[in-house]
Amino acid sequence: MASKRHSLPPGLEPWDPANGLRVGALVGGLVGAAVIAVTGFAHFWVIAATGAIGGAIGFWTEKRKQRHDPGNGPSRSG
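Being a predicted model, the structure only gives us computed values, none of them experimental. (Residues numbered from 1 in each chain as written. Predicted model: local features only at pLDDT ≥ 70, side-chain atom pairs only at ≥ 80, totals over all residues. Heavy atoms only, no water.)

Visitor: Just give me the short version of helix α2 (residues 44–67), but keep the residues and values in it.
Guide: In a regular helix each residue adds 1.5 Å, so 24 residues correspond to 34 Å; α2 covers 35 Å between its end C-alpha atoms and thus fits that length. Of all the positions in α2, only Val 46, Gly 51, Gly 54, Gly 55, Gly 58, Glu 62 and Gln 66 are classed as buried. (Helix = DSSP H or I, 4+ residues; strand = E, 2+ residues; numbered from the N terminus. Expected span 1.5 Å × (residues − 1). Buried < 20%, exposed > 50% of the residue type's maximum accessible area, 1.4 Å probe, protein only.)

Quick look at the structure:
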């Protein structure tokens, strides 16, 4: 009998939180750059702050998906 290697739901990988962090930081940085382009408020910390916030949101979102147990959801039997 094969042993279960990890306890993640199907379709999730252990490196998903790192990908969420990278994508979130990229999108956050782009949002910060857009804010600077629109407002003219040219300070690097705006890009850094929105990138950090976006990265944290991306990481938290992916970690939350991994903790979700699909076995506890509503029944789909008809």
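Still to come is the rest of the account.
Visitor: Could you give me a rundown of the packing of aromatic side chains, with the residues and numbers involved?
Guide: For the structure on display, the rule yields one aromatic pair. A centroid spacing of 5.9 Å and a plane angle of 85° characterise the contact between Phe 41 and Trp 45, whose relative ring orientation is edge-to-face. Classification of Trp 45 as exposed rests on a relative accessible area of 52%. (Phe/Tyr/Trp six-rings, centres within 6.5 Å; stacked < 30°, edge-to-face > 60°.)

Visitor: Just give me the short version of helix α1 (residues 16–39), but keep the residues and values in it.
Guide: Side chains of residues three or four places apart in an α-helix project in the same direction, reflecting 3.6 residues per turn. With 24 residues, α1 should cover 34 Å at 1.5 Å per step; its first-to-last C-alpha distance of 34 Å lies within 8% of that length. Residues of α1 that are buried: Asp 16, Pro 17, Gly 20, Gly 24, Gly 28, Gly 29, Gly 32 and Ile 36.

Visitor: So what's going on with the packing of α1 against α2? Residues and values would help.
Guide: For any two helices packed against each other, the geometry is given by the interaxial angle and the distance between the axes. Where α1 contacts α2, the two axes come as close as 6 Å, and the packing angle between them is 150°. Of the possible angle classes, the one that applies to α1 and α2 is roughly antiparallel. At the point where α1 passes α2, the crossing takes the right-handed sense. Of the residues in α2, those in contact with Asp 16, Pro 17, Gly 20, Leu 21, Gly 24, Ala 25, Gly 28, Gly 29, Gly 32, Ala 33, Val 35 and Ile 36 of α1 are Val 46, Ile 47, Thr 50, Gly 51, Gly 54, Gly 55, Ala 56, Gly 58, Phe 59, Glu 62, Lys 63 and Gln 66. (Axes fitted to C-alpha atoms, helices over the stretch in contact; angles between N-to-C directions. Parallel < 35°, antiparallel > 145°, perpendicular 65-115°, else oblique. Left-handed = near helix turned anticlockwise from the far one by under 90°. Contact = heavy atoms within 4.5 Å.)

Visitor: An account of the side chain of Asp 16 is needed here, citing residue identities and associated values.
Guide: In this structure, Asp 16 sits in helix α1. The side chain of Asp 16 is buried and forms no salt bridge, while Lys 65, the nearest opposite charge, is found at 7.4 Å. With residues up to four places along the chain from it excluded, the contact list for Asp 16 reads Gly 11, Glu 62 and Gln 66. (Lys, Arg positive; Asp, Glu negative; His and termini not counted. Salt bridge = Lys/Arg side-chain N within 4 Å of Asp/Glu carboxyl O.)

Visitor: Go over a nonpolar patch on the surface with me, naming the residues and quoting the values.
Guide: Nonpolar side chains collect at one region of the surface, where Val 23, Val 27, Val 31 and Val 35 lie side by side and expose about 310 Å² of accessible area between them. Along the chain, the position of Val 27 falls in helix α1. For Val 27, a relative accessible area of 45% puts it in the partly exposed group. (Patch = residues over 30% accessible without salt bridge, like charges linked within 9 Å, V, L, I, M, F, W, Y side chains within 5 Å. Areas by Shrake-Rupley, 256 points an atom, 1.4 Å probe, with all protein chains shown as cover.)

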